[in-house]
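# Structural description and commentary
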Amino acid sequence: MGSYTHSLEDGLELDLNIPVNLQGKGLGSQIFADAMQTTNATKFTGPWIESAAYEGGASTNLKQFWDARRAGQSEVDAAFSTWSGGMARKYGFKNVKVTYINNGKGVQAVFTK
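The model shown is predicted, which means the values in this text are computed figures rather than measured ones. (Residues numbered from 1 in each chain as written. Predicted model: local features only at pLDDT ≥ 70, side-chain atom pairs only at ≥ 80, totals over all residues. Heavy atoms only, no water.)

The next thing to look at is the pairing of strand E5 (residues 106-112). Regular strands have side chains that alternate between both faces of the sheet. The buried fraction of E5 amounts to five of the seven residues, a majority that puts the element mostly inside the structure. Here six bridges tie strand E3 (residues 43-48) to E5, and the two strands are oriented antiparallel to one another. Across the sheet, the residue bridging to Thr-45 is Val-110, located in E5. In this sheet, E5 lies alongside strand E4 (residues 95-101) in antiparallel orientation, the contact comprising seven bridges. Residue pairing across strands places Thr-99 opposite Gln-108, the latter belonging to E5. If you look at the hairpin formed by E4 and E5, you'll find four residues sitting between the two strands, and Asn-102 has a positive phi there, around 55°. (Buried < 20%, exposed > 50% of the residue type's maximum accessible area, 1.4 Å probe, protein only. Helix = DSSP H or I, 4+ residues; strand = E, 2+ residues; numbered from the N terminus. Pairing = 2+ DSSP bridges.)

Shown next, in the form of structure tokens:
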């Protein structure tokens, strides 16, 4: 369902794959809150990818990012419009750098304070 790691290089990195029927119940928010309390991270890296492990073949964040880009949002605004971007903003992250990964099919968003 979810876990996180923390390193000096990548900061906080979460790996959440919450089943659709459990989304919206606060599980991801609780994992994020626990991670922030434990690590006090000033950097948060979100790799958003396509994978058969995700329902629909891509992470929710990646779908949200591409939907926002198709709607005309900038990379920065699109990154902050995702679930991870909302959590990052809630915990005081104000900047994001977007890098395309996996031959442009995925995104790595690095949020900083």
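So, about the nonpolar core. In this structure, Leu-12, Phe-44, Trp-48 and Phe-111 are the most contacted members of the largest nonpolar core, which totals 25 residues. Listed by contribution, the elements that provide at least two residues to this core are strand E2 (11-16), helix H1 (27-39), E3, helix H2 (60-70), helix H3 (75-80), helix H4 (83-90), E4 and E5. Of the residues forming this core, the biggest block, four residues, is contributed by H1. (Core = buried A, V, L, I, M, F, W, Y, C linked by side-chain atoms within 4.5 Å.)

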